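Fold and geometry: a report
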Amino acid sequence: MDSIGDETIGAREYDFKKYGAEGLIASSVDFGWSGLSAELRAHGRGVITKSTKAETEVCVAICPSNSLVTRLIGGVVDSTIAERGTIWLSPPGPKEVLVDIAAPLPQMLHMSLPARHFSAESLGIDVGYSAPESLRYQRSFQDPLVAEIAFAIVSEMRTQTAGGRLMAETLAVSLAARLVHAHSGLSPDKDLEQFSHQGLDRRRLTRVREYIDANLEGGNLTIARLANVASLSQFHFARAFKAAVGKSPHQYVSGHRLEHAKVLLRRGDQSLLDISVALNFSSQANFTRAFRQGTGMTPGQYRRSFA
């Protein structure tokens, strides 16, 4: 197999592998997420070539591997062993990326963040239009917070929860904030630190709770909408809500959705499929799994217990 250091690699296009259906384990497309695209993939030994796009891409090794991964991007060559939590960052922009994988990688998470997550509306501070382009991409690195975000996303892809869509959006905002905070040429640390510890006052919290209760059915519970109700940026809202309630937005919504599901099941005038659709689950099977995980019984068992 040709390596990145081989001068003939450009002429050996038949050796290149591009992202496609092969190796795809799970995709966020199946869950209807917005604001974050994610794919969990298995990569075999070989060379991948692709071009960067308009979105920021973050790749995280989910399982440990002895594979040596060599990446060439922007004229910079980086070689590293793909340990669990190893991260590769590709800012937006027209660049060709070559990745040489020496041994199979059983699980790699690919995440794409749109530019809007780096806006003042999302972060709460004006980092300018250059924020995504200022990200440092030359070397692979370890970041426990970014890795934990990736592991949480993979967990949701494997087992959907009642607040999964909201969780994915919240994690996308947190990921963008972390990248700007720790892996860019900008210096927004002071502003992010100052605002992230502010809580919600009672008036704003009441508005948010009322909005959640009124929209448990349907797809209106996004982090952007909740932040708008609270008149805060998305990043600061997520932090402030947890400080005020003791739960993240998706944990709070997940719990309330399950309680609302119980009400609908006891009422008995809707099918399980109709309830799963109303509560924004991607399938009845995922609704059943989430309900059993939260209550210890399936929706059908719960309904029959009140028959």
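Refer to the structure above for everything that follows.
First things first, this report covers the structure right here in the doc. Keep in mind that what you see is a predicted model, and the values were worked out from it rather than measured. All residue numbers here refer to positions counted from 1 along the written sequence of the relevant chain. With the structure being a predicted model, the display of local features is reserved for residues of pLDDT at least 70 and the display and counting of side-chain atom pairs for 80 or more, all residues being used for whole-chain, interface and lining totals. Side-chain calculation: all heavy atoms of the structure are included, whereas hydrogens and water are not.

Next up on the list: the nonpolar core. Nine residue types can take part in a nonpolar core, namely buried Ala, Val, Leu, Ile, Met, Phe, Trp, Tyr and Cys, and a core is a set of them joined through side-chain atoms within 4.5 Å. We call a residue buried when its accessible area falls under 20% of the maximum for its residue type, exposed when it is over 50%, and partly exposed in between, using a 1.4 Å probe and counting protein chains only. Core analysis: the largest hydrophobic core is formed by 55 residues, its most contacted members being V58, L109, M111, I153, M157 and F237. Labels follow the DSSP assignment, with helices taken as runs of H or I lasting at least four residues and strands as runs of E lasting at least two, numbered in each case from the N terminus. With 11 residues, the top contributor of residues to this core is helix α3 (residues 164-182). Apart from the residues lying within four places of it in its own chain, the contact partners of V58 are I87, W88, L89, L109, H110, M111, V146, L175 and L179. When checking whether two residues touch, look at their non-hydrogen atoms; a contact exists if any pair is within 4.5 Å.

Strand direction decides the pairing type here: strand β6 (residues 68-73) and strand β7 (residues 76-81), joined by six bridges, are antiparallel. From the neighbouring strand, I73 faces β7, where its bridge partner is V76. Whether two strands pair depends on DSSP finding at least two bridges between them. With antiparallel pairing between neighbouring strands as the criterion, β6 and β7 make up a hairpin whose turn holds two residues, including G74 at a positive phi of roughly 60°. Examined bridge by bridge, β6 and strand β9 (residues 96-101) share five bridges and lie antiparallel to one another. Considered in β9, the bridge of T70 is made with D100.

What follows covers unusual backbone geometry. A positive phi angle is found at S231, which is not glycine, with a value near 60°. Inspection of the secondary structure assignment puts S231 in the loop between α6 (223-230) and α7 (234-245). Of the residues examined, S231 reaches a relative accessible area of 48% and is grouped as partly exposed. With a phi angle near 75°, N280 is a residue other than glycine that sits in the positive phi range. The buried category is assigned to N280, whose relative accessible area is 18%.

All right, on to the packing of helix α5 (residues 202-214) against α6 then. Between α5 and α6, whose axes approach to 8 Å, the crossing angle comes to 140°. By the angle class used here, α5 and α6 are oblique. Between α5 and α6 lies a crossing of right-handed hand. Together, R204, R207, V208, Y211 and I212 of α5 and R225, L226, V229 and A230 of α6 make up the contact between the two elements. Amino acid classes used here: Ala, Val, Leu, Ile, Met, Phe, Trp, Tyr, Cys and Pro are nonpolar; Asp, Glu, Lys and Arg are charged; the rest, including Gly, are polar. Split by residue class, the contact of α5 with α6 holds six nonpolar, no polar and three charged. Every axis in this analysis is a line fitted to C-alpha atoms, fitted for helices over the stretch in contact. Angles between the N-to-C directions lie between 0 and 180 degrees. For this classification, under 35 degrees means roughly parallel, over 145 means roughly antiparallel, 65 to 115 means roughly perpendicular, and everything else is oblique. In this scheme, a crossing is called left-handed if the near helix is turned counterclockwise away from the far one by less than a right angle; it is called right-handed if the turn is clockwise.

Locating M157 in the fold gives a position in helix α2 (residues 144-158). With a relative accessible area of 6%, M157 lands in the buried category. In sequence terms M157 and S27 are 130 residues apart; their C-alpha atoms lie 7.4 Å from each other. With residues up to four places along the chain from it excluded, the contact list for M157 reads A26, S27, S28, F31, W33, A38, E39, L40 and L109.

None of the figures reported here should be taken as evidence of function without further support.
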